[in-house]
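Remarks on the overall topology
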Amino acid sequence: MSRLGKKSPSVCTDLPLNNTDVCNKMQLLKQLLSSCFGPTGRLKQVHNNIGGSVVTTSASSVLLAAFSSTNPFINLIKTSILNHVSRFSDCGLFAGIFCLSLIEQVKRCDLRESLAIRVNKHLLSLCTSYLQQDDCGCKVKLDFCSSQNLITLARSVISSKPACVLTEPEKSHMSQLAVRAFLLSVPCSSPGTVTLGKVVTVTIEGHSVLNSAVFPGLLLDIPDDFSPNQAEFPFALRVAVFSTSLGGDLSELGDGIIEMGPGVDTDVHILDQLLELGQQIVKDGVRFFVCQKVIHPVLQQYLRSHNVIVVERLGIGAMEPLIQLTGAQPMATLHTANPSKAYGKVRDLNIRRFGSKTMLHLHPLGESTICTLVICHRNETMLNELKVVCQTAEHVLKLTLKDPAAFLGGGCTETHLAAYVRHKSNDGVPGTASVLGCTQTEYLLGVEVFCRSLDLVAGALVHDGGTSLIDLTHAHYWTLPADAMKEHMEDTLGMCGCGLVISPGKRWTHLNAKYTQFHPAPVSGDISVQPQVLDSFTAKLSALQVAVETANLALDVKYIIEDVN
C-alpha cells in the first residue's frame, strides 16, 4: 500500500496554437521536413540515446517513423502524414510542409481559425476540381504505348533522395529496372477481375548499383552449401508448402493439454509422424518441399535422400509470392492427409549467386506476375534508402493503372496551382465571401494564405541559397543559383523545374513577390519537348487533401487534455 500514490489530475492546454512551446515544435518539424525536400535535400541521422542502429534518410516514411514526440499536437500531424504514406508511398514531405505552412500562415496573418477552415475547404474543392480536369495545365497524360513517361516518373522518385548517392547512369539503370519490374507484375491476359502481382525486393550489399537486376519468378535465400545438382530439373516440379513448424515442437497445438498413455515416448511418436509425412510427400511425387518455419533434421535427411529439394525458414514475407507463383495451398498441420489439390508446381529451378549470397530461382509454370528485384549498392545506408525509393517507385507506377496521369514536378505544379487559385478566386468575390460568411477582405486574405503556402512548398526545394522565381505566362517554377550574375540571368536560368518550359522570357518575378493575377497558360503541345520531372497524380492529389484536412483539424483544436499518470 505504501507504493500507491495520489493520482495526478490531467493537464489541460487551451488554445494550443497560441502556446509558444507548441508553435516552436511545429516550426522545428516544418524546418526538418523542408530541409529534406527534393533531390538536393539534406540528410537526417536519427538515433536514440541507448544505442541501436543509426538511421540516415531524407524519406518521410523512414524519418517520421524513426522519432517520437511527447506533444500530442505534433503526433497528430505526424500520424496523418504517415497514414497517407502507408497508402500511397509518396508525397509525404509535400503533405507535411504544406500542412504546417498553412497553419503557420493562418497564425501569422491573424486570420480567424473558423474562417480559415471554411476558406481552406472551399479552395481545396476548387483545386481538386481543376486538377481532375482533362485540360489541367499542370498535368500530363501517361501513354502506356511508350515507357518514356513511366521511366521519367520512376526516375523522379529515385532521384529525389540524395542518400541513395547515385550517378546519372545508375539513376537511369534503376529507373528502367523499376519500370520493368512494374510491367512484369501486370498480367498480360487475365479475363475478369485483374489482380496485380508482387515485386519481391532482395538487397545485396557491397556490389555496384549497375549489377542490380530484375528476374521473372521468385528468388529464395538458401544456405551457401546448397548443392547445385539438386536444382537441375528440366521438367515441372510438384511443390508442397507448409506454414506450420515441422521441427517436432508441437507448436500448432498452442497451450492445449496433451494426454499420453504410460510408456509412450512423445519424441519418438512425433518423429514417426514426421516420417509418415515424408513418405506421403515422396509417394505423391513432390520434388520441392518448402516450410515457413523449421524442419526437423531427420525429415530433411529423409526427403533429400529421395531427391526432394528442401527449403526451411522461408519466413512469412516470402509466403504470399511463393503461393501466388506456385498455386500451392499452404498446409498448417501434419496430422491429416495432404490433399493433392494443395500441391503447386514450378517449371524449373536453378541456382543464382550474387557475390557471397546464394539464391534459388523459381520459374513459374505458366504466365506469372511475380518477379524479383535484386538491388545492389556499396554500403548498408545507401542500400536501405535505395530499397525504400524503389518500393515507392513501384507503388507509384501501380497507381498509374487507376489514374493514367502525372503532375509536373520540380515545384511547377505548386506555383501553377497557386497562380490558378489566385486568378480563379478573383472572380465572384462578393458572392463567395457571402456564402463563406466573411468579408471580401477576409476571403482574399484566406486565398493569399493558401496560395502563399503552396509557393512555400515549391520554395522548399532550394537548399543552397538560390532564388526562387516564377514566370508570368505559364506560372512554372525556376531556381536562380546563388552565384548567378544578374546581367546573365536569362542564360543561367535554363529550363523550369519540370523541364517543360525552356525559358521564362522577359515576364517573370520572384516567388515571394506580389504579382497581378493571371490565368496560367498551358504549355504548347510540342511532342519533342517532354517533362523531365513528374510527380504521382494519385499520391499528390491525396497529399493535398490530407494536408488541408489535417491543417483544418489542427486549427479547430481548442483544448489538449493529457493524462500525466
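By convention here, each chain's residues receive numbers from 1 onward along its written sequence. Given that the model is predicted, a residue must reach a pLDDT of at least 70 before its local features are reported, and side-chain atom pairs must reach 80 or more before they are shown or counted; all residues, however, enter totals for whole chains, interfaces and linings. Side-chain numbers come from the whole structure's heavy atoms, not from hydrogens or water.

Some points on the sheet that holds strand E6 (residues 213-216)
Backbone hydrogen bonds are what pair the strands of a sheet, in a parallel or an antiparallel way. This is how the line gets drawn: Whether two strands pair depends on DSSP finding at least two bridges between them. Elements are defined by DSSP. Helices are runs of H or I of four residues or more, strands are runs of E of two residues or more, and each kind is numbered from the N terminus. Think of each axis as a best-fit line through the C-alpha atoms, taken over the contacting stretch in the case of a helix, with angles from 0 to 180 degrees between the N-to-C directions. Working rule for contacts: check all heavy atoms of both residues, and any pair within 4.5 Å makes them a contact.
If you trace the three strands from one edge of the open sheet to the other, you get E5-E14-E6, paired in mixed fashion. Each edge of the open sheet carries a strand with a single partner, namely strand E5 (198-205) and E6. Across the sheet, the mean angle from the axis of one strand to that of its neighbour is 20 degrees, orientation sign disregarded. With eight bridges joining them, E5 and strand E14 (residues 370-377) adopt parallel strand pairing. Note that in E14 the partner of Val200 across the bridge is Thr372. In the packing of helix H7 (residues 168-184) onto the sheet, contacts are made with E5, E6 and E14, and the angle to E6 comes to roughly 15 degrees.

Structural notes on the nonpolar core
When a protein is soluble and globular, its nonpolar side chains tend to lie buried together. Inclusion rule: Nonpolar cores are built from buried Ala, Val, Leu, Ile, Met, Phe, Trp, Tyr and Cys residues. Side-chain atoms within 4.5 Å join them into one set. Only protein chains enter the area calculation, which uses a 1.4 Å probe; residues under 20% of their type maximum are buried, those over 50% are exposed, and those in between are partly exposed.
Of all hydrophobic cores here, the largest spans 107 residues; its most connected members are Met26, Leu33, Phe98, Ile103, Leu131, Val421 and Tyr443. Once you skip the residues sitting within four places of it in the chain, Phe98 turns out to touch Phe450, Ser453, Leu454, Val457, Leu544, Ala547 and Val548. Formed by 23 residues, the second largest nonpolar core is a distinct cluster that contains Ile309, Val311, Ile351 and Ile370.

With respect to the pattern of salt bridges
Any two side chains of opposite charge can pair, so long as their charged atoms come close to each other. Spelled out, the test is: Definition used for salt bridges: Asp or Glu carboxyl oxygen within 4 Å of a side-chain nitrogen of Lys or Arg.
Within the structure shown, the criterion is met by 18 salt bridges. In this structure, Arg378 and Glu170 form a salt bridge, with 3.1 Å as the shortest nitrogen-oxygen distance. Placement of the pair is Arg378 in the loop between E14 and helix H11 (380-399) and Glu170 in helix H7, with a sequence separation of 208 residues. A relative accessible area of 39% means that Arg378 is categorised as partly exposed. For Glu170, a relative accessible area of 6% translates into the label buried.

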